[in-house]
Structure formats: structure tokens, C-alpha cells
Amino acid sequence: AVLIDVREADEWAAGHLAAAKSLPLSKLEAGAPADELAKLLPKGKVAYLHCAAGGRCLKAADLLAKQGYDVKALKPGYSALL
């Protein structure tokens, strides 16, 4: 499994989970390149998504699921996961 932080770059820079990879929701909504997604989200692995409070990871999970990724949105926000 992989842990993906969908918060924006400034939020990521202010602090993030050590095992997480950054993939901002804004980048997904703008149409992140398939090769970039493939590097962050290997097919066949579950991607657990989180954000600050839970809302953005639900949107990101929907976008990624439509592209064939196995994703799970984590309800707890960043501060609860620390």
C-alpha cells in the first residue's frame, strides 16, 4: 500500500507524514500526467489518501477510482494521523 497526501504544496511543506507521498488535489483536478501518477500509485497497490480534514481526499479518491486505481480515503485528517 502507499500513503498519499492530497493537501496543497504549502501544507505539505509545513509538515507531512514520513511515509506519505505528495499529490495535491489541485494537480489531480488539473489532469496530472499518467506517467507521474504511475510513479506515485503503482497499479495493484492500494492507495490510502488523506488531507487536512477528510473532504479533499474524498474528491481525490473519486478522481483516481475513475482512472482504475484502488483507493481508500482516510476519514481522519492530517493532525489526527500524526
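Read on for a plain summary of the structure. (Residues numbered from 1 in each chain as written. Predicted model: local features only at pLDDT ≥ 70, side-chain atom pairs only at ≥ 80, totals over all residues. Heavy atoms only, no water.)

1. Considerations on the overall build of the protein chain
What the protein chain contains, in helices and strands, is five helices and four strands. Taken against the 2.2 N^0.38 rule, which gives 12 Å for 82 residues, the C-alpha radius of gyration of the protein chain at 11 Å falls within 12% of a compact globule. Referenced to the eigenvectors of the C-alpha coordinate spread, the extents of the protein chain come out at roughly 30 × 20 × 20 Å. Taking contacts inside the protein chain between residues at least 6 apart in sequence as the whole, the part at least 24 apart equals 56%. Accessible surface computed for the protein chain: about 4500 Å², of which carbon and sulfur atoms make up 58%. Counting 11 positive and 9 negative side-chain charges, the protein chain places the averaged centre of each group 5 Å from the other. (Helix = DSSP H or I, 4+ residues; strand = E, 2+ residues; numbered from the N terminus. Rg over C-alpha atoms; globule rule 2.2 N^0.38 Å. Contact = heavy atoms within 4.5 Å. Areas by Shrake-Rupley, 256 points an atom, 1.4 Å probe, with all protein chains shown as cover. Lys, Arg positive; Asp, Glu negative; His and termini not counted. Charge placed at Lys NZ, Arg CZ, Asp CG, Glu CD.)

2. Thoughts on the packing of aromatic side chains
On inspection of all chains with the given rule, the structure shows zero aromatic pairs. Across from the ring centre of Tyr78, 4.0 Å away, lies the NZ or CZ of Arg7, which sits over that ring. One Lys or Arg, Lys43, reaches over the ring of Tyr69 and ends 4.2 Å from the middle of that ring. (Phe/Tyr/Trp six-rings, centres within 6.5 Å; stacked < 30°, edge-to-face > 60°. Lys NZ or Arg CZ within 6 Å of the ring centre and 35° of its normal.)

3. A few points about the pairing of strand S3 (residues 47-50)
Of the pairings in the sheet, the one linking strand S1 (residues 2-5) to S3 comprises four bridges and is parallel in character. Within the sheet, the bridge partner assigned to Ile4 lies in S3 and is Leu49. The pairing of S3 with strand S4 (residues 71-73) spans three bridges and is parallel. By the bridge assignment, Tyr48 is partnered in S4 with Lys72. Considered for its hand, the β-α-β crossover made up of S3, helix H4 (residues 55-65) and S4 is right-handed. (Pairing = 2+ DSSP bridges. Right-handed = clockwise from strand over helix to strand, strands pointing away.)

4. Comments concerning the pattern of salt bridges
For the structure on display, the rule yields five salt bridges. With its nearest N and O atoms 2.8 Å apart, the salt bridge here joins Asp5 to Arg7. For the pair shown, Asp5 and Arg7 are each scored as buried. Between Asp62 and Lys66 there is a salt bridge, and its shortest N-O distance comes to 3.3 Å. Looking at Lys66, the relative accessible area reads 65%, which means it is exposed. (Salt bridge = Lys/Arg side-chain N within 4 Å of Asp/Glu carboxyl O. Buried < 20%, exposed > 50% of the residue type's maximum accessible area, 1.4 Å probe, protein only.)

Nothing here speaks to function; it is all geometry.
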